[in-house]
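Architecture at a glance
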Amino acid sequence: MVQTKLVWSGEGGDVKVAGEFNNWSPADTSPSAEDNTRVFQADLEPGRYTYKWVVDGNWLVDQSQPTQTDESGNVNNLKIVEETAESTAKTADDDSPAKIENDSPAKTESCTNEPATAQTDANAATATSDASEPEHEPRAV
């Protein structure tokens, strides 16, 4: 497992993140002590994960971070979690499922997000929507 950190530095009062790592169920973020950002941390297996930010009920893609379009045309952010020597050693000792915690000594992979920019093209409808569930089923990447 690799402790993975996603950071939202955009505007918003209620900031959550949903993705393949949590079955697209919006999860709370924590305020950062250092600055005005919101932080999400999870212990994840190495791999590729798509996700979206849920800001004040709106499903958003942060255009300053890598994105991927799925076969249904949904645009999501993409996080690649790479295996580390420490994560390999922990996996051999710990067969437990993925968990969310803030005190793991594992290496932290960071993804710092700038504010999501307004989109004016035809893809804006897929990048932002109402508070309803995403239009696609989660899948392994």
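Our structure is the block above this text.
Okay, so let's go over this structure. (Residues numbered from 1 in each chain as written. Predicted model: local features only at pLDDT ≥ 70, side-chain atom pairs only at ≥ 80, totals over all residues. Heavy atoms only, no water.)

On to the packing of aromatic side chains. Taken as a whole, this structure holds five aromatic pairs when the rule is applied. Aromatic pair tryptophan 8 and tryptophan 53: ring centres 5.4 Å apart, planes at 45°, arrangement tilted. Residue tryptophan 8 is located in strand β1 (residues 2–8), and its partner tryptophan 53 is located in strand β6 (residues 47–55); the two are separated by 45 residues in the primary sequence. In this pair, the class of tryptophan 8 matches that of tryptophan 53, namely buried. (Phe/Tyr/Trp six-rings, centres within 6.5 Å; stacked < 30°, edge-to-face > 60°. Helix = DSSP H or I, 4+ residues; strand = E, 2+ residues; numbered from the N terminus. Buried < 20%, exposed > 50% of the residue type's maximum accessible area, 1.4 Å probe, protein only.)

Counting across every chain of the model gives one salt bridge. Its salt-bridge partner being aspartate 28, residue lysine 16 comes within 2.4 Å of it at the nearest N-O pair. With lysine 16 in strand β2 (residues 15–19) and aspartate 28 in strand β3 (residues 27–28), this residue pair connects regions lying twelve residues apart in the sequence. (Salt bridge = Lys/Arg side-chain N within 4 Å of Asp/Glu carboxyl O.)

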